[in-house]
Amino acid sequence: MTTDGMTPDNGPQERAATLLRRPRLWLMPTVLSGLLALLLSLLYMGGIVNPQGDLHDLPIALVNADQGEPLPGQQENLGTQITRTILSDTSSDKAEWRALTLRQAQDELDSGKVYGALVVPAGFTDSVAALTTASATARPTLTVLTNPGKGSLGSSMAGQITTAAAHQASQTIGKQLTATAGADSAHKLLLADPVGVTAQVGHPLGSRSGLGLSAFYYTLLLVLAGFMGANVISNGVDTSLGYADNEIGPWHTRRLTVPVNRAQTLLLKMVMTAAITVFSVSFVMLACISILGMDATHIPLLWIYSYCAALAVGLGVQAINAAFGGVGQLVSMFVFIVLGLPSSDATVPLQAVPGFYRFLSHFEPMRQLSDGVRAILYFDARGDAGLTRAWIMIALGAVLALLFGFAMTMYYDRKGLKRLTPQPA
């Protein structure tokens, strides 16, 4: 009811042309929409616009399995020379080379700790030395191992770096060989670039793993399930309790307000979130694994992890909505999605994004969740592949959501800040 006893249905009606001439009606939507467009553009595009330029210290394994004798006049075999040259090169910081044994390198590939590897095979020096003799049977090769489980872009970057290093090593070896082979050598052209490069998958994935991107998209589904589900629950509870209008098409209803304080309302929403998330996560897995046939292992663990991940997001959204009110959905969108996507380490490696996003990755939820999903889907659910840290961060996020949400609502209740004056019957 309005103060003059007239309702919007029987009182004077304003026209849109008249309302459009009110400057104050334009001000807030214009400023907010422009600011949101600016922030979204900067935050989304800022993380992916220049990955090569931002690339620093991409972890790559370097393996020297060569046990051959040094070439004549040399003190070290070629494998040792190659690894020493690569490790001592300070002209570029694109890669963080890790000198490992073949077994160690395979373990780090299998746990997602490195994006690729460059392997100097056994007998490499002997096969190079044979090129200068009649006993040469095959061109010696260096092996590049990729790790698609770390994402197609990260694996590709590592492949480019390792291939470039292998070609540089070939040219260096070629200079040594041509210097001793003589100008009339029939093999001089071959000796100028004697080493070939073979690429292999160091940690294979299934054919239905989205080239290493299924973990990211599955994580995004979990975040969206938690985010949207929490907002649907929050709006539904507020409507049912009479704290928000319900408008569907031309139909508008307003229920009688149920007297309940903020803390109890938040408790109700969080309990409902915990219950309803069971169904949303189950349907996500049903669609992805059963209907679409996504490659997935450790199904029971994946379900439990998915539920806990989506629930932590949902609890966080409910806490933010309770603390910030009407703008809570906008705040939670930035926290869980806008800032989370470019810092997730799922599509673009953290080593290839600006420092601001690497900072965000330490606590942004999507990065923590994607590490766990990737470990379960690609790396045999190994704790050191990111699953242990993911569980810790999920638990920490849920606890922080509970503490923050109830601290704010109880503070509002103590201050007597009621959500809405009850409506008369």
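Look a little higher up for the structure.
Residues numbered from 1 in each chain as written. Predicted model: local features only at pLDDT ≥ 70, side-chain atom pairs only at ≥ 80, totals over all residues. Heavy atoms only, no water.

A. Focus on helix α10 (residues 262-291). Compared with the 44 Å implied by 1.5 Å per residue over 30 residues, the 41 Å span of α10 between its first and last C-alpha is a close match. Along its length, α10 reaches its greatest deviation from straightness, about 30°, at I276. Within α10, the full set of buried residues consists of R262, A263, T265, L266, K269, M270, T273, T277, V281, V284, M285 and C288. On its buried face, α10 sits against α9 (214-240), α11 (299-324) and α15 (387-414). One side-chain oxygen of the residue at the start of α10 lies 3.3 Å from the amide nitrogen of A263, identifying that residue as N261. (Helix = DSSP H or I, 4+ residues; strand = E, 2+ residues; numbered from the N terminus. Expected span 1.5 Å × (residues − 1). Bend = angle between axes of the 7 residues up to and from the residue. Buried < 20%, exposed > 50% of the residue type's maximum accessible area, 1.4 Å probe, protein only. Contact = heavy atoms within 4.5 Å. Polar contact = N/O pair within 3.5 Å; in protein donor to acceptor, adjacent residues only side chain to side chain.)

B. Quick peek at the packing of aromatic side chains. Enumeration according to the criterion identifies seven aromatic pairs in this entry. With centroids separated by 6.3 Å and ring planes inclined at 90°, the aromatic side chains of Y378 and F379 adopt a geometry described as edge-to-face. Ring centres of Y411 and Y412 lie 6.0 Å apart, and the angle between their planes is 55°; on these two criteria the pair is classed as tilted. With a relative accessible area of 14%, Y412 lands in the buried category. (Phe/Tyr/Trp six-rings, centres within 6.5 Å; stacked < 30°, edge-to-face > 60°.)

C. Representation of a nonpolar patch on the surface within the structure. Judged by side-chain polarity, F279, F283, L286, I291 and L292 come together as a nonpolar surface patch covering roughly 570 Å² of accessible area. Look at I291 and you get exposed, because its relative accessible area is 64%. (Patch = residues over 30% accessible without salt bridge, like charges linked within 9 Å, V, L, I, M, F, W, Y side chains within 5 Å. Areas by Shrake-Rupley, 256 points an atom, 1.4 Å probe, with all protein chains shown as cover. Salt bridge = Lys/Arg side-chain N within 4 Å of Asp/Glu carboxyl O.)

D. Just the sheet that holds strand β1 (residues 58-64), in detail. The five strands are arranged β2-β1-β3-β4-β5 in an open sheet whose pairing can be described as mixed. Here the strands that pair on one side only, and so sit at the sheet edges, are β2 (95-100) and β5 (196-201). Strand-to-strand twist across the sheet, computed as the mean angle between neighbouring axes with direction ignored, equals 25°. The pairing of strand β4 (residues 141-146) with β5 spans six bridges and is classified as parallel. Along β5, the bridge assignment pairs V144 with A199. Helix-sheet contacts for helix α4 (residues 78-88) involve β1, β2, β3 (116-120) and β4, and the interaxial angle to β1 is about 160°. Relative to β2, helix α5 (residues 102-110) is tilted by about 135°, and along the sheet it contacts β1, β2, β3 and β4. (Pairing = 2+ DSSP bridges. Axes fitted to C-alpha atoms, helices over the stretch in contact; angles between N-to-C directions.)

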